[in-house]
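So you can see what is in the structure, the chains are spelled out below.
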Amino acid sequence: MFDSTTRTVVVVGAQWGDEGKGKLVDILAEGADWVVRYQGGANAGHTVVVGEKSIVLHQVPSGILNPGVRCAIGNGVVLDPDTLFTEVDELVRDGIDVEGRLYVSDRAHLVLPYHKLLDGQSSASKAIGTTGRGIGPAYEDKVARRGVRVLDLRQPARLRTLVERGVAHANGQLAAMGSAQRAEVEPVMEVLARVSPRLLTLADDIGLALHRARKTGAALLLEGAQGSLLDIDHGTYPFVTSSSTTSGGAVIGAGVPPTAIHAALGVVKAYTTRVGNGPLPTELSSPLQEQVRELGHEFGATTGRPRRCGWFDALVVKYAVRVNGLTGLAVTKLDVLDTLERLAICTGYEVDGEVMEEFPADISELERITPRYEWFDGWRQSTADARSLDALPKAARAYLDRIEALVEAPIQFVSVGTRRDQIIGLPAATPAATTVGA
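In this report, the structure presented in the accompanying data block is examined. Everything quoted here is computed from the prediction, not taken from an experiment.

For the rest of this paragraph, the subject is the pairing of strand S15 (residues 328-332). Within S15, five of the five residues are buried, leaving the element largely enclosed by the surrounding structure. Bridge analysis of strand S11 (residues 263-269) against S15 gives five bridges, and the strand direction is parallel. The residue of S15 that forms the bridge with Gly266 is Leu329. As paired elements, S15 and strand S19 (residues 411-415) share three bridges and run parallel to each other. Pairing of Val331 across the sheet is with Val414, part of S19.

Written out as structure tokens, the structure is:
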């Protein structure tokens with residue numbers, strides 16, 4: 001993926017999240033010098049299995065399992081310091097060397113206890129189906145200019161003033177919701193006093209560090225969370241996350257200029273899933289939905305919630321190709337479809353007697369559409385051992401060829417299992433780790 005002309009690559013989800021970005025980032029990190037998370041928070045999650053051990057990461061970049069790779073949490077992330085150090089301590093216990101390899105932007109905003117309290121009490125959060133991790137309220141405080149940043153930990157007097165302001169606002173919101181619960185200043189200050197010494201040792205100007213790294217020719221991998229259809233501007237609003245999940249968010253959230261980006265890789269499943277409420281035009285009916293969910297182990301790494309499953313939606317991915325400027329695709333979980341007799345790809349939406357060939361901005365249109373499908377015979381044999389496109393069954397290759405033509409982007413990688421080596425499009429990789437989810 002990296003060569004003399006391609007030194008900075010963005011990896012984004014091109015559906016509604018959970019596409020398998022973790023596996024691709026983990027593999028591509030072998031050729032990177034830096035891996036940077038640029039948005040989202042502890043609402044993201046993927047599971048990496050090393051030997052017999054499962055490691056769930058929510059905020060630490062996926063490149064941490066590659067020795068020698070530097071990992072950074074960018075300014076676009078809202079950081080939960082408690083869960084960050086829980087992850088770090090678990091990595092250390094599992095023998096992963098983190099010392100001197102993990103950095104945090106001092107401009108990153110903090111998720112504090114009152115953000116989680118607000119998220120848990122908010123009827124809007126429940127309607128959207130958020131993870132309840134305080135992500136939305138933390139981003140709200142950031143935009144309202146009352147947030148607490150990592151660098152504020154260096155100024156105790158200012159820190160207390162900011163926390164007092166945040167708690168007062170949160171309590172006003174809780175009262176307006178009719179909740180009897182209230183936030184308090186001192187417990188928040190106690191949390192920050194506990195985490196500050198460790199957090200400040202990781203704090204740095206990440207944008208400047210990446211600028212200097214680029215000047216030396218370093219390879220940068222910018223890691224997105226969630227998916228393009230959950231983007232605050234370009235997703236299925238209001239059923240979206242609170243940050244910019246598309247490639248445009250990478251330059252803002254990591255602190256690199258737009259001219260630094262050389263390639264954008266979109267990760268998609270060979271079918272479609274989403275967690276929580278909101279439109280899913282190709283959603284399967286029972287019992288096929290439950291069958292695909294079990295075959296693909298479609299349960300959230302962060303929440304454990306069952307994911308909704310649907311056929312591959314070419315309009316969704318074509319839209320993601322456009323808004324991200326995707327230079328290539330990675331198709332994951334092709335093997336999940338190995339046993340199905342028939343498969344479908346959505347090629348258009350019919351609404352009020354007219355056919356739509358582009359994804360609409362108004363979700364009320366999605367509520368009225370009828371998907372138009374092209375049907376394919378299943379290949380009914382395992383793809384798990386395929387290491388080239390030519391080794392795939394002809395029906396599987398035809399399925400991928402049609403996806404590529406419909407979404408107008410080349411497929412560069414195909415994942416046919418959870419192990420690192422179960423990938424088409426790369427030289428043989430070390431099979432020491434297994435990755436599931438994103």
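This is not the end of the story, as more comes after the structure.
An α-helical turn contains 3.6 residues, so a residue and the one three or four places further along point in the same direction. Looking at helix H8 (residues 206-215), one finds that the buried residues are Ile206, Gly207, Ala209, Leu210 and Ala213. Burial along H8 is one-sided: seen end-on, the buried residues are contained in an arc of 160°. Residues of H8 that are exposed and angled more than 90 degrees away from the buried face: Arg212 and Lys215. Contact partners of the buried residues in H8: strand S2 (34-37), strand S5 (70-73), strand S7 (102-105), strand S9 (203-204), strand S10 (220-223) and helix H9 (247-254). The N-terminus of H8 is capped by Asp205, whose side-chain oxygen sits 3.4 Å from the backbone nitrogen of Gly207. Gly217 sits one or two positions beyond H8 and adopts a positive phi of about 90°.

The next subject is the pattern of salt bridges. Two side chains carrying opposite charge are able to pair once their charged atoms lie near each other. Per the stated rule, a full pass over the model turns up 26 salt bridges. In this structure, the salt-bridge partner of Arg198 is Asp89, at a minimum N-O distance of 3.0 Å. Pair noted here: Arg198 is in helix H7 (residues 185-202) and Asp89 is in helix H2 (residues 81-93), with a separation of 109 residues, a long-range link. Judged by its relative accessible area of 29%, Asp89 is partly exposed. Between Arg154 and Asp106 there is a salt bridge, and its shortest N-O distance comes to 3.5 Å. With Arg154 in the loop between helix H5 (135-143) and helix H6 (156-177) and Asp106 in the loop between S7 and strand S8 (109-110), the pair connects residues that are 48 residues apart, well separated along the chain. Linked through salt bridges whose partners overlap, the residues forming this network are Asp18, Lys269, Glu298, Arg307 and Lys333.

Right, let's talk about the side chain of Gln59 for a bit. Checked against the element boundaries, Gln59 lands in the loop between strand S4 (53-57) and S5. Under the relative-accessibility criterion, Gln59 is labelled buried at 1%. At 2.8 Å, the side chain of Gln59 forms a polar contact with the backbone nitrogen of Asp80. Ignoring anything within four residues of it in the chain, the contact list for Gln59 reads Arg37, Gly41, Ala42, Ile73, Val78, Leu79, Asp80, Thr83, Leu84 and Glu87.

This next bit is on the sheet that holds S11. What the 10 strands build is an open sheet, ordered S9-S7-S5-S2-S10-S1-S11-S15-S19-S20; its pairing is mixed. The open sheet is flanked by S9 and strand S20 (423-424), the only strands paired with a single partner. Where S19 meets S20, two bridges bridge the pair, whose relative direction is antiparallel. Bridge pairing in S20 links Val414 to Ile424. Running over the sheet, H8 touches strand S1 (8-13), S2, S5, S7, S9 and S10 and is turned about 150° from S2.

A few words now on the packing of H6 against H7. Two packed helices can be described by the angle between their axes and the distance between those axes. Packing of H6 against H7 leaves a shortest axis separation of 10 Å and a crossing angle of 135°. In terms of orientation, H6 lies oblique with respect to H7. Crossing of H6 against H7: the hand is right-handed. Between H6 and H7, the contacting residues are Leu159, Arg160, Val163, Glu164 and Val167 on the first element and Val185, Glu186, Val188, Met189 and Leu192 on the second. Among the residues making up the contact of H6 with H7, the classes are represented as seven nonpolar, no polar and three charged.

Parameters at a glance
- Residues numbered from 1 in each chain as written.
- Predicted model: local features only at pLDDT ≥ 70, side-chain atom pairs only at ≥ 80, totals over all residues.
- Heavy atoms only, no water.
- Buried < 20%, exposed > 50% of the residue type's maximum accessible area, 1.4 Å probe, protein only.
- Helix = DSSP H or I, 4+ residues; strand = E, 2+ residues; numbered from the N terminus.
- Pairing = 2+ DSSP bridges.
- Arc of directions from axis to C-beta.
- Contact = heavy atoms within 4.5 Å.
- Polar contact = N/O pair within 3.5 Å; in protein donor to acceptor, adjacent residues only side chain to side chain.
- Salt bridge = Lys/Arg side-chain N within 4 Å of Asp/Glu carboxyl O.
- Axes fitted to C-alpha atoms, helices over the stretch in contact; angles between N-to-C directions.
- Parallel < 35°, antiparallel > 145°, perpendicular 65-115°, else oblique.
- Left-handed = near helix turned anticlockwise from the far one by under 90°.
- Nonpolar A, V, L, I, M, F, W, Y, C, P; charged D, E, K, R; others polar.

Function cannot be read off these values alone, since they describe shape.
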